[in-house]
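# Examination of the molecular architecture
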Amino acid sequence: VYSEYATEEDALQRGEAAIARGTSMKLLHIDSSILGQHSASRELGAAIVARWQRDVRGLEVVYRDLAVNPLPHLSGASLAQADTDEAASAAAVMDEFLSADVIVVGAPMYNFGIPSQLKAWIDRVAVAGKTFRYTASGPQGLAGGKQVIVAATYGGLHPVESGRNFVEPYLRQVFAFLGITDVEFVSAEGLAVSPEQRVTSIGDARARIDIQLPLAA
């Protein structure tokens, strides 16, 4: 199942090569859950980042909490850059995204989709001329070469094939549109079914992070 991904040793070499160039691999960690310390997506996202920090020497991590420090939703004033502070914030978000080699996104399901806070972040990084462009043959992503890992959590049981899951298909489409096709999901479902199911689902996801999660493509 994981043969198409590089080995852990390859990820280590990638990090060491970056150090040799005088740079470091950059990981952008995004949280969007409103549940704070009770959030499963935050727990799994932190575990993914810890795995990268453990296995990739010299990793530089940038963290953005979209629930604690929400971005304003896109508006006409946003497009016109009428508010200089908002424009500066949007530029900082874009710089974080473009400079990242790896992006870890915590994405809980709220009412079958992603949190509105996460959508506001996507609206800041999906910008024509920056991360994609339109051509005569169709849209072209400009942000390729990155790896995205999504910690997706669900209160119920919502496999992609059920037709009720608009988290994974949407995020795959968005990142593919930006030119990013190396997208991995670590999911935990049924978290609200019972305390036992929550423990089992999170435990299974953490085991996958520790043992099976590919570090680099």
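Criteria and cut-off values
- Residues numbered from 1 in each chain as written.
- Predicted model: local features only at pLDDT ≥ 70, side-chain atom pairs only at ≥ 80, totals over all residues.
- Heavy atoms only, no water.
- Pairing = 2+ DSSP bridges.
- Helix = DSSP H or I, 4+ residues; strand = E, 2+ residues; numbered from the N terminus.
- Axes fitted to C-alpha atoms, helices over the stretch in contact; angles between N-to-C directions.
- Contact = heavy atoms within 4.5 Å.
- Polar contact = N/O pair within 3.5 Å; in protein donor to acceptor, adjacent residues only side chain to side chain.
- Salt bridge = Lys/Arg side-chain N within 4 Å of Asp/Glu carboxyl O.
- Buried < 20%, exposed > 50% of the residue type's maximum accessible area, 1.4 Å probe, protein only.
- Phe/Tyr/Trp six-rings, centres within 6.5 Å; stacked < 30°, edge-to-face > 60°.

## Concerning the sheet that holds strand β3 (residues 102-108)
Pairing in this open sheet of five strands is parallel, and the strands run β2-β1-β3-β6-β7 from one edge to the other. Edge positions in the sheet fall to β2 (60-65) and β7 (182-188), since each of these pairs with one other strand and no more. Direction aside, the axes of adjacent strands within the sheet are offset by 15 degrees on average. Sitting on the sheet, helix α5 (residues 116-125) touches β1 (26-31), β2 and β3, and the angle it makes with β3 is about 145 degrees.

## Some remarks on the side chain of S41
Secondary-structure assignment places S41 in helix α2 (residues 40-55). A polar atom in the side chain of S41 sits 3.1 Å from the side chain of S39. Not counting residues up to four positions away in its chain, the partners in contact with S41 are D31, S33, G106, A107, P108, A151 and T153.

## Digging into the side chain of E86
Within the secondary structure, E86 is located in helix α4 (residues 84-99). The residues contacting E86, other than those within four sequence positions of it, are P72, S78 and R124.

## Some details on the pattern of salt bridges
Overall, the coordinates contain 10 salt bridges when judged by the stated rule. Residue R42 is joined to D65 by a salt bridge in which the shortest nitrogen-to-oxygen separation is 2.8 Å. Placement of the pair is R42 in helix α2 and D65 in strand β2, with a sequence separation of 23 residues. In this structure, R206 and E43 form a salt bridge, with 3.3 Å as the shortest nitrogen-oxygen distance. In this pair, R206 sits in helix α7 (residues 195-211) while E43 sits in helix α2, placing the two residues 163 residues apart along the sequence. Residue classification places E43 among the partly exposed positions, given a relative accessible area of 33%.

## Topic: α5
Turn by turn, an α-helix covers 3.6 residues, leaving residues three or four places apart pointing in a common direction. Counting buried positions along α5 gives seven out of 10 residues, so the element sits mostly inside the fold. All of the buried residues in α5 are Q117, L118, A120, W121, I122, R124 and V125. Residues of α5 that are buried sit in contact with β1, β2, α3 (76-79), α4, β3 and α6 (168-177).

## A few points about the packing of aromatic side chains
Applying the stated criterion across every chain, the model contains three aromatic pairs. Both rings, one in F132 and one in Y134, keep their centres 5.3 Å apart while their planes meet at 80 degrees; by these two values the pair is edge-to-face. Relative accessible area serves as the criterion here: at 8%, F132 is assigned to the buried category. Between F132 and F177 the ring centres are 4.8 Å apart and the planes differ by 55 degrees, which places this aromatic pair in the tilted class. Taken together, the residues F132 in strand β4 (residues 132-135) and F177 in helix α6 connect sequence positions 45 residues apart. Three or more aromatic residues link up through ring pairs in this structure, and these residues are F132, Y134 and F177.

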